[in-house]
Amino acid sequence: MAVFSISDFYTTTALIVVALLIYQYVLYPVILSPLSKIPSAHWSCSISPAWILWARFKSRENRTLHAAHKKYGPIVRIGPNELSVNNVETVKTIYQGGFDKHQWYSLFNNYGVPCTFSSENAKHHSLRKRMVSHVYSKSYINTSPALAAQASAILNSRLLPLLHESTLSHQEPHGIDIYSLFCAAAMDFISSYCFGLCRSADFIRRPSYRDHWLELYTTRKGYGFFPQELPRLSRALSTIGLDPTPHWVHAANRELEAWCKEKSDATIQFLETEKANSAMDTADDPVVIRSLLAGIDKELHTNGESSLLYTTAIQQRSLSVASEILDHVLAGQETTGVALTYASYHLSRSPDLQRELRQELLTLKPDMRLGAGGKVAHPDSRQLDSLPLLHAVVMETVRRYAPAGGPEPRVTPATACRIGPYEVPAGVRVSASAYNLHRDESAFPDPERWDHTRWLRQLAAEGSSDTITDEEGKSDVNRHFWGFSSGGRMCLGSNFAMHDMKLLIAAIYTNYTTHIVDDDGVEPTDAYTGRPKSGSLYLRFERVKED
């Protein structure tokens, strides 16, 4: 009779474990998984995420995925449990289909508290968004007395005096780093809207602190790889004193958070005083924080302890407000600043386009020509929206440079779904990106070329009485534009950003022409949010000579 020894037991167990591992990590992902039917960007993608992780670590994810889609099509497998998509219909399935966000967004839990942008669950996101979405709607922005007063003060007391100063003879050699300046202007706009003008950043007039702050922000965003892509490894290494995120990055984050928390707390304190009512609809009205506090109070009174946000927004009220606002000001200053930088860059390369734009801007009633005392009138925001050339310049800039152009990861729902022709199981990370969608040659021929006339041709087609053919529909630039994402979780501040950009361009190019002084390193970085590689673009401003 055979005797089953201990060594036989261990051998059998080891063989079973090896077989299970081979099945789990080789046979299933390579042959049996529904994802095995989808083209892989690299031979290793079905068994390892190393290929895409390396591209992310080396800051070349956008162009790497672009090459993969050109070679393998609109749906590509880029990891054992990850897909990249790149066409309008699949984007609609994912981003308008209620897919939850991936844990990748947890990095944006400022102060350890979720904000609207970082909320992974759709229901939590909906509740947070509802608190502030109305003050970012186009109708509210177009009619807000507070925003109009803030914009007038920023233009007339901060930006335009600085541009005038730059043209004076004692400023030779003339030239302003407009990347830094436009980030400052965008920050002044969004921080005024959040905190009120009197508590705003005032970065236009504080260049030294602005440069310090931007350096902190650059440090913060440059070290997100390990906590976002390898969070468990990052936490494990941190517990044994081998934190992959350098200590100075944590220090930069703490300083940025402290800066925002101080302003947020001061604003909350102000709104709890009797003076708050007198500030309503003035430049000092903290529109966003006022709305947030009202939304939190309403949620408490409506749902109380049963609220999904009870342990965060309600019990940690001041931290939740600060977390939300930090997200708004960080995103608002960078994306708008980058877009304005590249719009001015291309305008500076074409004096004829500047002249054409100015002629259109002079049709505003009132127009924005500098008047007595060096001040400009504030035009109706709806008039700004109606200017086709201005709109085309802004849209083409956001298309070509996509300030937030990186992948937007989502997770497939608990039940399997179809993405394009493929059955996709639950829990798969799936992403699209503005960078890739904006390079669809069927909609944007010669996509690397900045060509504002694409949008003018589209406007002409929309104004035509002719029926649009299927082929023309496929090339509809508006349908393929994804600069602010889409669906219920699209960019909350898209209308605010468009308003800022159009107003600032109108104020500048009504009164000045711009000329390139130094554009070395102007090409954008390959990152979730891109910017000029050099971190600068120097332009010279010259006052327009009236005819």
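Just so it is clear, the structure is predicted and the values come from calculations on it, not from any experiment.

Here we look at the nonpolar core
Turning to step 1, where the next piece is worked out: Residues Tyr136, Leu155, Leu163, Tyr193, Trp213, Ile325 and Val329 are the most contacted members of the largest nonpolar core, which totals 110 residues.
Turning to step 2, where the next piece is worked out: If near-sequence neighbours (up to four positions away) are discounted, Leu163 is found in contact with Ile176, Leu181, Ile508, Tyr512 and Phe541.
Turning to step 3, where the next piece is worked out: Residues Leu35, Leu83, Val424 and Val428 belong to the second largest nonpolar core, which totals 20 residues.

Brief notes about the confidence of the model for the chain
Turning to step 1, where the next piece is worked out: In this model, the chain carries a mean pLDDT of 92, and residues with pLDDT of at least 70 account for 97%.
Turning to step 2, where the next piece is worked out: Looking across the chain, the model is least confident in helix α22 (residues 470-474), with a mean pLDDT of 48, and most confident in strand β2 (residues 82-85), with 98.

Digging into the packing of aromatic side chains
Turning to step 1, where the next piece is worked out: Applying the stated criterion across every chain, the model contains 24 aromatic pairs.
Turning to step 2, where the next piece is worked out: Geometrically, the ring pair formed by Trp213 and Tyr217 is stacked, given 5.9 Å between the ring centres and 15° between the ring planes. Residue Trp213 and its partner Tyr217 are both found in helix α9 (residues 207-221); the two are separated by four residues, about one turn of the helix. The pair formed by Trp213 and Tyr217 is uniform in burial state, with each residue classed as buried.
Turning to step 3, where the next piece is worked out: Ring pairing ties together the aromatic residues Trp104, Tyr105, Phe108, Phe117 and Tyr528, which thus form one cluster.
Turning to step 4, where the next piece is worked out: Positioned over the ring face of Tyr105 is Lys101, at 4.1 Å from the centre of the ring.

What about the packing of helix α8 (residues 178-195) against helix α14 (residues 287-303)?
Turning to step 1, where the next piece is worked out: Running from amino to carboxyl end, α8 crosses α14 at an angle of 40°, the nearest separation of the two axes being 3 Å. By the angle class used here, α8 and α14 are oblique. Here α8 contributes Tyr193, Cys194 and Phe195 to the contact with α14, which in turn contributes Val287, Val288 and Ile289.
Turning to step 2, where the next piece is worked out: Tallied by class, the residues present in the contact of α8 with α14 amount to six nonpolar, no polar and no charged.

Side note on helix α4 (residues 88-95)
Turning to step 1, where the next piece is worked out: Of all the residues in α4, the buried ones are Val88, Thr90, Val91, Ile94 and Tyr95. Each buried residue of α4 sits inside an arc of 160° when the element is viewed along its axis, so together they form one side.

Here we look at unusual backbone geometry
Turning to step 1, where the next piece is worked out: Of note, the amide linkage connecting Lys365 to Pro366 takes the cis form, showing an omega dihedral of -5°.
Turning to step 2, where the next piece is worked out: A positive phi angle, close to 70°, is found at Asp281, a residue other than glycine.
Turning to step 3, where the next piece is worked out: Tracing the chain through its elements places Asp281 in the loop between α13 (275-279) and α14.
Turning to step 4, where the next piece is worked out: With a relative accessible area of 42%, Asp281 lands in the partly exposed category.
Turning to step 5, where the next piece is worked out: Here the phi dihedral of Asp446 falls at roughly 50°; this positive angle occurs in a residue that is not glycine.

Re the sheet that holds strand β4 (residues 176-177)
Turning to step 1, where the next piece is worked out: The strand order across the open sheet built from three strands is β4-β10-β9, with neighbouring strands paired in antiparallel fashion. Of all strands in the sheet, those with a lone pairing partner are β4 and β9 (512-518), marking the two edges.
Turning to step 2, where the next piece is worked out: Where β4 and strand β10 (residues 538-543) come together, two bridges link them in antiparallel fashion. Note that in β10 the partner of Asp177 across the bridge is Tyr538.

Side note on the sheet that holds β2
Turning to step 1, where the next piece is worked out: Reading across from one edge, β1-β2-β8-β5-β3 is the order of the five strands in this open sheet, with mixed pairing throughout. Edge positions in the sheet fall to β1 (75-79) and β3 (100-101), since each of these pairs with one other strand and no more.
Turning to step 2, where the next piece is worked out: Judged from the three bridges that link them, β2 and strand β8 (residues 429-431) form a sheet pairing that is parallel. The residue of β8 that forms the bridge with Ser84 is Ser431.

Scoring rules and cut-offs
All chains use their own residue numbering, which begins from 1 and follows the written sequence. In view of the model being predicted, local features appear only for residues whose pLDDT reaches at least 70, and side-chain atom pairs are presented and counted only at 80 or more, with totals across whole chains, interfaces and linings using the full set of residues. Just so you know, side-chain values use all the structure's heavy atoms and leave hydrogens and water out. We call a set of buried residues a nonpolar core when its members are Ala, Val, Leu, Ile, Met, Phe, Trp, Tyr or Cys and they connect through side-chain atoms within 4.5 Å of each other. Think of it in three bands: with a 1.4 Å probe and only protein chains considered, a residue is buried below 20% of the maximum accessible area for its type, exposed above 50%, and partly exposed in between. Note on contacts: a residue pair is in contact if any heavy atoms of the two residues lie within 4.5 Å. For every residue, the predictor states its confidence as a pLDDT score lying anywhere from 0 to 100. Here a strand is any run of E in DSSP of at least two residues, a helix any run of H or I of at least four, and the numbering for each starts at the N terminus. In this analysis, rings of Phe, Tyr and Trp, with Trp reduced to its six-membered ring, are considered paired at centre separations within 6.5 Å, and the interplanar angle assigns stacked below 30 degrees, edge-to-face beyond 60, and tilted for intermediate values. A ring is scored as having a charge over it whenever the NZ atom of a lysine or the CZ atom of an arginine sits within 6 Å of its centre and within 35 degrees of its normal. Whenever a helix is involved, its axis is fitted only over the stretch in contact; in every case the axis is a line through C-alpha atoms, and angles between N-to-C directions fall within 0 to 180 degrees. If an angle is under 35 degrees, it is roughly parallel; if it is over 145, roughly antiparallel; if it lies from 65 to 115, roughly perpendicular; otherwise it is oblique. The residue classification treats Ala, Val, Leu, Ile, Met, Phe, Trp, Tyr, Cys and Pro as nonpolar and Asp, Glu, Lys and Arg as charged. All others, Gly included, are polar. Comment: arc refers to directions from the helix axis out to C-beta atoms. The pairing criterion is simple: DSSP has to find at least two bridges between the two strands.

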